[in-house]
Amino acid sequence: MPTFTLECFQNEFLPVGASEVNAVLTVTAAAAEGDEARAAPGGAAEVIIIDTSGSMGGAKLRQAKQATSAAIDCIRDGAQFAVIAGDHAAHVIYPASPGLTEANADTRFEADRAVRALEAAGGTAIGAWLQCATELLAGVAGINHAILLTDGKDEHEQPADLERAISAATGVFQCDCRGVGVDWTVAELRKVATGLLGSVDIVADPAGLTADFTAVIEAAMGKQVAEVNLRLWSPHGSQISFLKQVAPEVSDLTPTRVSVNPLTGDYATGAWGAESRDYHLAIRVNPGAVGDEMLAGRVTLIVDGQPSGQGLVKAIWTDDTARSTKINRQVAHYTGQAELADAIQAGLEARKSGDIDTATAKLGRAVQLAAAAGNTETAELLAKVVDVQDPATGRVKLKAAVAEADEMTLDTRSTKTKRIGR
Amino acid sequence: MILTSCPECGASVREGELFCEACGHRLASPLMQSDPLTATDPVAAPPGDGGSQACARCGAPAEEITEDQYCGRCGMRQPRHSDHRESDLGALAAAATDRGLRHHRNEDTYEIACTDDRIVAVLCDGVSSSATPELASAAAAAAALQALSPALEGPCPDHDTARALLNDAIADAQRAVAGLGQGDGPQTPATTVVAAIVAEGVIALANVGDSRAYWLAEDPSEISRPLTVDDSCAQDAIVAGVEPEQAYAAQDAHTLTRWLGADAGEIAPTISVLENPPPGTVLLCSDGLWNHFPEADQLLDLLAGDGPERPIAAARRMVAAAVSAGGEDNITVIVIPAPLRPHPSPEPQEFTHADLHP
């Protein structure tokens, strides 16, 4: 079992009258000796969801089948698994018997054969696929994970159906989403991934699917702790402005709060392997007087139900401006990175709706922020959508022609952040 | 000034209360007491930091106070023992320290020890802009006291012995603070120090930084004056010919030119010795007092004749005066009448915030 640590970075000194307290929390799970190959104590369950709608025909389905076969190969002996083929309904194509089956050489071979027999036909109903996975995984103890591959829009059900399916799946399994080609909708898959604590990414070229699927399954198999929650206490009269995961990517946890008592709430962060994530917490409190010291937040890490480490977010009011104006590097860095993600998404949205001025301003700001933070990956993606004239001031011009795949790649990866050097 | 009602909520407050019982408001002038010695009967077993008390701010019940001393309801840090501390050595000496009104914790530390014919005392003021100043002052004061303790044994220290002991004490204090390393904050932990040995016919003093010693003469016709010279930019300016008023108005007036800490370099303390002075009082104090009352005559007024008879009353009056004047910084004073008034069996009594607010 990995060892968890929680570190807190902030400037606790506030000027008189200030009410917003900011902190960056770094949670690190360090692998224990010999942990590498060990599965989670409660076991792991994996469901692979592959889109077999009519549009997947040809090269896309061929590559998707290959990727699925490779993914099945990565499922560890002893893990439970199933494969769902999705069109306007969901079909469990393996195992034939109800429920999941245990992975071994025989079952992996049989599953592979079932995948090879798939053909493309029918529509797309992502909510129905998730519903099917929820039925398979409900009540299964341990680390439950799904990977969802699609190439299209969720056309054959209502948006409300998808919403319902996401909330039913919340807490049952985590889901990483992959869009192949350029006919799917980033916002739709992002909704699934955010709701189910997973990632979303584009696989513009189906040839890249196998490597990507393998990586996703290996990461899922590497998880050793099924459930880690951030439990946040804050004083009477305070308000949580936000709690966001800010590294490795931005994801707003604020609305996921589950109340423990009137002053305390839990925020689920899903399963953990040996890894490190950063969170940005902002709390609004009643301002104190000069010389007052307040505990504005107490963050306790709850690992599989057990408290494992805590961080104190403090507020000390001072009339010493040298102290209160000091900028905390971590907080400033992630404030910028979150603004970067917002600027990209708003800029692309404006560009789609033909609002050139807003698009230019937002994407220009994004270029400036990416340059300032040394986020070269994002800067390179931006340069495919705008002509950068001056990264320092954010002066850009929208490109007349942009490959759809480039735009979607920028959108899906806008939430990926770069960590600050310590 | 004696408070009878809380300026925040209007509830009546007893003399000597540090905090309003009703709303937890910190009372600006808690130390003026008609009879301080009876008001501070030490409690049998001092409670732990905060102890089993309701929240000093919002009144939440004691069980809401967390182990790390925050209120589980309003979040406020509960008063620390170090927020206010006093030592009453009867007629021999007294010391008092208080957080003041503008700083969130007390970063000053004092140490005092005595026999019935001599006293050693140390006062340190942690540098606020450094990391963990409260640890720096505590480490320095403890190390210096340890080094001075031989002065309490054997024959009374003479001029040369006192000088040598003070030299060692400052060196040990410097080592102790330097041992705290660079710290994890922006600046290396640092502190000032002023230390004294008061014995038969000898008053010896050493200082680094801007914590001071004053001589307050008993006979009004004698001169009262500072016994130490600050290591500060203001002092440098005064030496260079700038008028004191102008020197203390400068932006960097309080910037120290010497301090104890890992980054302090070579420390050679300024040591001075008074031999057989006329009757008077040695006052050690941090800048939390002298910022408000820089002149020896002002301090003499605050002593109000209590020096020789009741040092604790004088110490409390000085702290209370600094708090009333705005309490801009932590305030610490040590009052030692000289020549020493032999005491039958000096039993030092220690009081902390919790004792004063049972």
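Reading the values: the criteria
Along each chain, residue indices are assigned from 1 in the same order as the chain's sequence is written. Chain letters start at A and ligand numbers start at 1, both assigned in the order the entries are written. Given that the model is predicted, a residue must reach a pLDDT of at least 70 before its local features are reported, and side-chain atom pairs must reach 80 or more before they are shown or counted; all residues, however, enter totals for whole chains, interfaces and linings. For the side-chain quantities, the full set of heavy atoms in the structure was used; hydrogens and water were omitted. Whether two residues are in contact is decided by their heavy atoms, any of which lying within 4.5 Å being enough. Here the quantity called buried area is the total loss of accessible area, with a 1.4 Å probe, experienced by two parts when brought into contact, counted for both. The term salt bridge refers to a side-chain nitrogen of Lys or Arg lying within 4 Å of a carboxyl oxygen of Asp or Glu. For the purposes of these results, a polar contact is taken to be a pair of N or O atoms within 3.5 Å, where, inside protein, one atom must be able to donate a hydrogen and its partner to accept one; residues adjacent in sequence count only when each atom of the pair is a side-chain atom. For this scheme, ten residues count as nonpolar: Ala, Val, Leu, Ile, Met, Phe, Trp, Tyr, Cys and Pro. Four count as charged, namely Asp, Glu, Lys and Arg, and the remainder, Gly too, count as polar. Scored from 0 to 100, pLDDT records how confident the predictor is in each individual residue. Segmentation into domains, and thus their bounds, comes from an automatic or database assignment. Only strands joined by at least two bridges in the DSSP assignment are considered to pair. Strands are runs of DSSP state E lasting at least 2 residues, helices are runs of H or I lasting at least 4, and numbering of each runs from the N terminus. Fitted lines through C-alpha atoms serve as axes, helices being fitted only where they are in contact, and the angles separating the N-to-C directions of these axes extend from 0 to 180 degrees. Our angle categories are set so that under 35 degrees counts as roughly parallel, over 145 as roughly antiparallel, 65 to 115 as roughly perpendicular, and the remainder as oblique. Should the near helix be turned anticlockwise from the far one by less than a right angle, the crossing is termed left-handed; should it be turned clockwise, right-handed. Relative accessibility decides the category of a residue: with a 1.4 Å probe and only protein chains considered, values under 20% of the type maximum give buried, values over 50% give exposed, and everything between is partly exposed. Crossovers are marked right-handed if the path from the first strand over the helix to the second runs clockwise, as seen with the strands pointing away from the viewer. The set of buried Ala, Val, Leu, Ile, Met, Phe, Trp, Tyr and Cys residues whose side-chain atoms join them within 4.5 Å is what this entry labels a nonpolar core. Counting rule for disulfides: a pair of cysteine sulfur atoms within 2.5 Å. The directions considered for the arc are those from the helix axis to the C-beta atoms.

Q: Please explain the interface of chain B and chain A as it appears in this structure.
A: Bring the parts together and some accessible area is lost; that lost area is often taken as the interface size. Across the contact, 20 residues belong to chain B and 19 residues belong to chain A. Taking both partners together, chain B and chain A bury about 1500 Å²; carbon and sulfur atoms supply 46% of that area. Three residues, Tyr-70, Arg-102 and His-104 of chain B, lead the burial of chain B against chain A; their summed loss comes to 36% of the area buried on that side. Our enumeration of links across chain B and chain A arrives at four salt bridges. The closest approach of N and O atoms between Arg-80 of chain B and Glu-293 of chain A, which form a salt bridge, is 3.0 Å. There are 12 residue pairs in polar contact (both at pLDDT 80 or more) connecting chain B and chain A. Considered class by class, the residues forming the side of chain B that touches chain A number six nonpolar, seven polar and seven charged.

Q: So what exactly am I meant to see when it comes to the confidence of the model for chain B here?
A: Segments scoring low in pLDDT should not have their predicted coordinates read at a detailed level. All names here are of chain B. Predicted confidence across chain B gives a mean pLDDT of 84, with 81% of residues reaching 70 or more. Below a pLDDT of 50 lies the segment residues 28-50, which in the model reaches 53 contacts outside its immediate sequence neighbourhood of four places, other chains included. Scored as a whole, the predicted complex attains pTM 0.83, and scored at its interfaces, ipTM 0.82.

Q: Can you walk me through the domain arrangement of chain A in this structure?
A: All names here are of chain A. Domain annotation of chain A identifies domain 1 (3-31 + 227-325), domain 2 (44-221) and domain 3 (330-412). Spacing between the C-alpha centres of domain 1 and domain 3 amounts to 29 Å. If you look at the interface, domain 1 gives 10 residues, while domain 3 gives six residues. Both faces considered, domain 1 and domain 3 share a buried interface measuring about 680 Å² in area, 74% of it formed by carbon and sulfur atoms. Taken together, the links from domain 1 to domain 3 amount to one residue pair in polar contact (both at pLDDT 80 or more). When grouped by side-chain class, the residues that make up the side of domain 1 that touches domain 3 number six nonpolar, two polar and two charged.

Q: When you look at the sheet that holds strand β12 (residues 239-247) of chain A in this model, what are you seeing that I'm missing?
A: Either a parallel or an antiparallel arrangement is found when strands of a sheet pair, and the pairing is made through backbone hydrogen bonds. Residue and element names in this part refer to chain A. Here we have five strands laid out as an open sheet, ordered β1-β3-β16-β12-β13, and antiparallel in their pairing. Since the sheet does not close on itself, it has two edges, and those belong to β1 (3-9) and β13 (251-252), each with one partner. Of the strands in this sheet, β1, β3 (20-30), β12 and β16 (275-284) are in contact with helix α8 (residues 329-352), which crosses β3 at around 90°.

Q: I would appreciate a short explanation of the packing of helix α3 (residues 126-137) of chain A against helix α4 (residues 159-169) of chain A in the present structure.
A: Angle between the axes and distance between the axes: these two values describe a pair of packed helices. All names here are of chain A. Orientation of α3 relative to α4, taken along the N-to-C sense of each, is 20°, at an axis distance of 8 Å. Comparing the axis directions of α3 and α4 gives the class roughly parallel. At the point where α3 passes α4, the crossing takes the left-handed sense. Across from Ile-126, Gly-127, Leu-130, Gln-131 and Thr-134 in α3, the residues of α4 making contact are Asp-161, Leu-162, Ala-165, Ile-166, Ala-168 and Ala-169.

Q: What is the right way to look at the pairing of strand β8 (residues 143-150) of chain A in this model?
A: All names here are of chain A. Most of β8 sits out of view: eight of its eight residues are buried. Burial of β8 is two-sided: the residues Ile-143, His-145, Ile-147 and Leu-149 facing one way and the residues Asn-144, Ala-146, Leu-148 and Thr-150 facing the other way are all buried. Taken together, the seven bridges between strand β4 (residues 44-51) and β8 define a ladder with parallel strand orientation. Across the sheet, Ile-48 pairs through a bridge with Ile-147, a residue of β8. With six bridges connecting them, β8 and strand β9 (residues 174-180) associate as parallel partners. Note on β9: the bridge partner recorded for Ile-147 is Asp-176. Following the chain from β8 across α4 to the adjacent parallel β9, one finds a crossover that is right-handed.

Q: Can you walk me through the nonpolar core in this structure?
A: The nonpolar side chains of a soluble globular protein tend to be buried with one another. Residues and elements named next belong to chain A. Core analysis: the largest hydrophobic core is formed by 36 residues, its most contacted members being Phe-4, Val-27, Leu-230, Trp-272, Tyr-279, Leu-281 and Leu-301. When contributions to this core are tallied by element, the ones reaching two or more residues are β1, β3, β11 (228-233), β12, β16, β17 (293-303) and β18 (306-317). Of all hydrophobic cores here, the second largest spans 32 residues; its members include Leu-100, Leu-130, Val-172 and Phe-173.

Q: Just to check I follow, could you spell out the state of the cysteines for this structure?
A: Two cysteines form a disulfide when their sulfur atoms are joined by a covalent bond. Under the definition given, this model contains zero disulfides over all chains. Between Cys-156 of chain B, a cysteine without a disulfide, and Cys-114 of chain B, which holds the nearest cysteine sulfur, the sulfur-to-sulfur distance is 13 Å.

Q: Help me understand the sheet that holds strand β1 (residues 84-88) of chain B in this model?
A: All names here are of chain B. The strand order across the open sheet formed by seven strands is β9-β8-β12-β13-β2-β1-β14, and the pairing between neighbours is antiparallel. For this open sheet the edge positions go to β9 (225-226) and β14 (349-352), each flanked by a neighbour on one side alone. Of the pairings in the sheet, the one linking strand β8 (residues 212-217) to β9 comprises two bridges and is antiparallel in character. Note that in β9 the partner of Trp-215 across the bridge is Arg-225. Together, β8, β9, β12 (280-285) and β13 (331-338) form the strand contacts of helix α7 (residues 296-303), whose direction differs from that of β8 by roughly 65°. Contacts from helix α9 (residues 311-324) reach β1, β2 (94-98), β8, β12, β13 and β14 within the one sheet, and its direction differs from that of β13 by about 150°.

Q: Sorry, what's going on with the environment of Arg-413 of chain A here?
A: All names here are of chain A. Inspection of the secondary structure assignment puts Arg-413 in helix α11 (residues 404-413). Here Arg-413 falls in the partly exposed class, since its relative accessible area comes to 28%. Along the backbone, Arg-413 and Gly-288 are 125 residues apart, and their C-alpha atoms lie at a distance of 41 Å. Ignoring any residue separated from it by four or fewer positions in sequence, one finds Arg-413 in contact with Asp-201, Ile-202 and Leu-381.

Q: Hey, could you run me through unusual backbone geometry in this one?
A: A negative phi holds for most residues other than glycine; trans holds for most peptide bonds. For the bond from Ala-247 of chain A to Pro-248 of chain A, the omega torsion is 5°, close enough to zero to count as cis. By the element assignment, Pro-248 of chain A lies in the loop between β12 and β13. Note the cis peptide between Ala-338 of chain B and Pro-339 of chain B, where omega equals -5°. Along the chain, the position of Pro-339 of chain B falls in the loop between β13 and β14. Phi at Asp-304 of chain A takes a positive value of approximately 45°, unusual for a residue other than glycine. Assignment of secondary structure puts Asp-304 of chain A in the loop between β17 and β18.

Q: What's the story with α4 of chain A in this structure? I'm lost.
A: Residues and elements named next belong to chain A. Listed in full, the buried residues belonging to α4 are Leu-162, Ala-165, Ile-166 and Ala-169. Buried residues of α4, viewed axially, fall in a sector of 100°; they line one side. Those residues of α4 that are exposed and angled more than 90 degrees off the buried face are Arg-164 and Ser-167. Close packing links the buried residues of α4 with α3 and α5 (186-195). Looking one or two residues past α4, Gly-171 carries a phi angle of roughly 85°, positive in sign.

Q: Just to check I follow, could you spell out the pattern of salt bridges for this structure?
A: Where side chains of opposite charge bring their charged atoms close, a pairing between them can arise. One pass over the structure, following the stated rule, counts 30 salt bridges over all chains. Note that Arg-105 of chain B is salt-bridged to Glu-107 of chain B, the shortest N-O span being 3.0 Å. Residue class for Arg-105 of chain B comes out buried when judged on its relative accessible area of 18%. Here Glu-107 of chain B falls in the buried class, since its relative accessible area comes to 2%. Among the ionic contacts, a cluster of salt bridges with common partners joins Lys-223, Glu-275 and Arg-277 of chain A.

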